[in-house]
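Summary of structural features
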Amino acid sequence: MSAKVALVTGANTGIGLVTARELALQGAHVFLACRSLQKTQPVLDEIAEQSGGKAKASFLPLDLADLDSVRECANRFLEQDLPLHLLICNAGLAGAKGKTASGFELTFGTCHVGHFLLTQLLLESIKRAAPARIVVVASKMHARVNTIDFEAVHKPTRSFGALKEYSVAKLANILFAKELARQLEGSGVNTYSLHPGVVATDVWRSLPWPLDKWIKRSMLTPEEGAATSLYCATSDAVSGQSGLYYKKCKVIEPSAAAQDSTLAKKLWDASQRWVR
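First, a word on what this report is: a plain description of the structure on this page.

Concerning the side chain of Ser167
- Within the fold, Ser167 resides in helix H5 (residues 163–183).
- If we ignore the near neighbours within four places in the chain, the residues touching Ser167 are Met141, His142, Arg144 and Val145.

Structure, rendered in structure tokens:
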């Protein structure tokens, strides 16, 4: 990763923290795109300490639930006139209820719409860095739903524990990576979506008790959960692959809905209208 530039969303905790730290220690200049500098500073300090001050790690303010914040984050990166070799759409949440500042169901707006806009705004920098990669952290929970209700994504969260909405958002993640791969074919930019495993991270912080305690039983550590993200981001073995879905560092088949190219295109077109 020497001389490469990477941007990781949600890099102040969990899988994102481990991913950003390891990329920085491997020599990449890593931008940690997170909501709070206060919560990200310990990660920056850890990277500096472990690298003896040699690693390059920078903070970018980003609230994916607010599209104005997404635009500002992209502008701050673009002002530095750097190629972007690696974008990891990692940030997410589960169990939270409500709507985003931009008018979307909270989980869907954060996990999909925010990342969709960020990717679009950074795409020219990513193309300029080719060969480059875009990695989208999804979940096996995508298989719990078989479509996307394009009206419901504009309404507040309704299901118990917000798990249905989480599943819809993760289905959107995979469809986004799939359609993005189709549109970027021949550009030198590859896309990857993945299930990291069920990992004990802050993504579950909003689940109600006792569901939060139950769901964290037998979970993976963040280090274990980050393994597939890092594999998709750095492995030579996947350099010729694009638009596929991974689990435990292997290609697997997602659900039938996640392979629906018509649904993927419909989501893409709707997302473009939303972020305009």
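Alright, that's what it looks like, and here's the rest.
So, the environment of Arg158
- In this structure, Arg158 sits in the loop between strand S5 (132–137) and H5.
- For Arg158, a relative accessible area of 65% puts it in the exposed group.
- With 61 residues separating them along the chain, Arg158 and Lys97 place their C-alpha atoms 7.7 Å apart.

So, the state of the cysteines
- Considering all chains together, one arrives at zero disulfides under this definition.
- Note on Cys89: no disulfide assigned, nearest cysteine sulfur contributed by Cys111 at a separation of 11 Å.
- Residue Cys89 is classed as buried on the basis of its relative accessible area, which comes to 2%.
- In this structure Cys232 is a free cysteine whose sulfur lies 7.3 Å from that of Cys249, the closest cysteine sulfur available.

As for H5
- A rise of 1.5 Å per residue sets the reference length of H5, with its 21 residues, at 30 Å; its end C-alpha atoms lie 30 Å apart and thus fit the reference within 8%.
- Counting buried residues in H5 gives 17 out of 21 residues, a clear majority hidden from the surface.

Describing the sheet that holds strand S4 (residues 86–89)
- Pairing in this open sheet of eight strands is mixed, and the strands run S3-S2-S1-S4-S5-S6-S7-S8 from one edge to the other. The open sheet has two free edges, formed respectively by strand S3 (56–61) and strand S8 (250–252), since each of these has just one partner strand. Between one strand and the next, the sheet's axes are offset by a mean angle of 25°, whatever the strand orientation.
- Judged from the six bridges that link them, S5 and strand S6 (residues 189–195) form a sheet pairing that is parallel. Bridge assignment links Ile134 to a residue of S6, and that residue is Thr191.
- The sheet strands contacting helix H3 (residues 67–78) are strand S1 (5–9), strand S2 (29–34) and S3, and the helix crosses S3 at an angle near 145°.

A look at the pattern of salt bridges
- Summed over all chains, the structure comprises nine salt bridges.
- The closest approach of N and O atoms between Arg21 and Glu46, which form a salt bridge, is 2.9 Å. Pair noted here: Arg21 is in helix H1 (residues 14–25) and Glu46 is in helix H2 (residues 37–50), with a separation of 25 residues, a long-range link.
- Put simply, Glu124 and Lys127 hold a salt bridge, and the shortest N to O gap is 3.8 Å. In this pair, Glu124 and Lys127 are both assigned in helix H4 (residues 106–128), three residues apart and thus about one turn of the helix distant.
- Among the ionic contacts, a cluster of salt bridges with common partners joins Arg21, Glu22, Glu46 and Glu223.

Notes on the pairing of strand S7 (residues 244–247)
- As judged from the four bridges shared by S6 and S7, these two strands associate in the parallel manner. Considered in S7, the bridge of Ser193 is made with Tyr245.
- Across three bridges, S7 lies against S8 in antiparallel orientation. Bridging from a neighbouring strand, Tyr246 pairs with Val251 of S8.
- Adjacent in sequence and paired antiparallel, S7 and S8 are bridged by two residues, among which Lys248 carries a positive phi angle near 50°.

So, the packing of aromatic side chains
- Counted by the stated rule, this structure contains eight aromatic pairs.
- With 5.2 Å between their ring centres and 85° between their planes, Phe31 and Phe77 make a pair best called edge-to-face. You can see Phe31 sitting in strand S2 and its partner Phe77 sitting in helix H3, a full 46 residues away along the chain. The exposure classification of Phe31 matches that of Phe77, with both residues buried.
- By the ring-pair criterion, three or more aromatic residues cluster together here, those being Phe104, Phe108, Phe150 and Trp274.

Remarks on the packing of H4 against helix H8 (residues 261–275)
- Where H4 meets H8, the closest approach of the two axes is 10 Å, and the angle between their N-to-C directions is 80°. Taken together, H4 and H8 sit at an angle that is classed as roughly perpendicular. Here Phe108, His112, Val113, Phe116, Leu117 and Gln120 of H4 lie close against H8, whose contacting residues are Leu267, Trp268, Ser271, Gln272, Trp274 and Val275.

A look at the pairing of S2
- Among the six residues that make up S2, six are buried, leaving the element largely enclosed by the rest of the structure.
- Alternating residues of S2 divide into His29, Phe31 and Ala33 and Val30, Leu32 and Cys34, and every residue in both groups is buried.
- As defined by bridge partners, S1 adjoins S2 across five bridges and the pair is classed as parallel. Paired with Val8 across the two strands is Leu32, which belongs to S2.
- On the question of chirality, the crossover connecting S1 to the parallel S2 by way of H1 is right-handed.
- The sheet contact formed by S2 and S3 spans six bridges and is parallel. Looking across to S3, one finds that Leu32 is bridged to Phe59.

What counts, and at which threshold
- Residues numbered from 1 in each chain as written.
- Predicted model: local features only at pLDDT ≥ 70, side-chain atom pairs only at ≥ 80, totals over all residues.
- Heavy atoms only, no water.
- Helix = DSSP H or I, 4+ residues; strand = E, 2+ residues; numbered from the N terminus.
- Contact = heavy atoms within 4.5 Å.
- Buried < 20%, exposed > 50% of the residue type's maximum accessible area, 1.4 Å probe, protein only.
- Disulfide = S-S within 2.5 Å.
- Expected span 1.5 Å × (residues − 1).
- Pairing = 2+ DSSP bridges.
- Axes fitted to C-alpha atoms, helices over the stretch in contact; angles between N-to-C directions.
- Salt bridge = Lys/Arg side-chain N within 4 Å of Asp/Glu carboxyl O.
- Phe/Tyr/Trp six-rings, centres within 6.5 Å; stacked < 30°, edge-to-face > 60°.
- Parallel < 35°, antiparallel > 145°, perpendicular 65-115°, else oblique.
- Right-handed = clockwise from strand over helix to strand, strands pointing away.

From the geometry alone we can't say anything about function, so treat these as descriptive.
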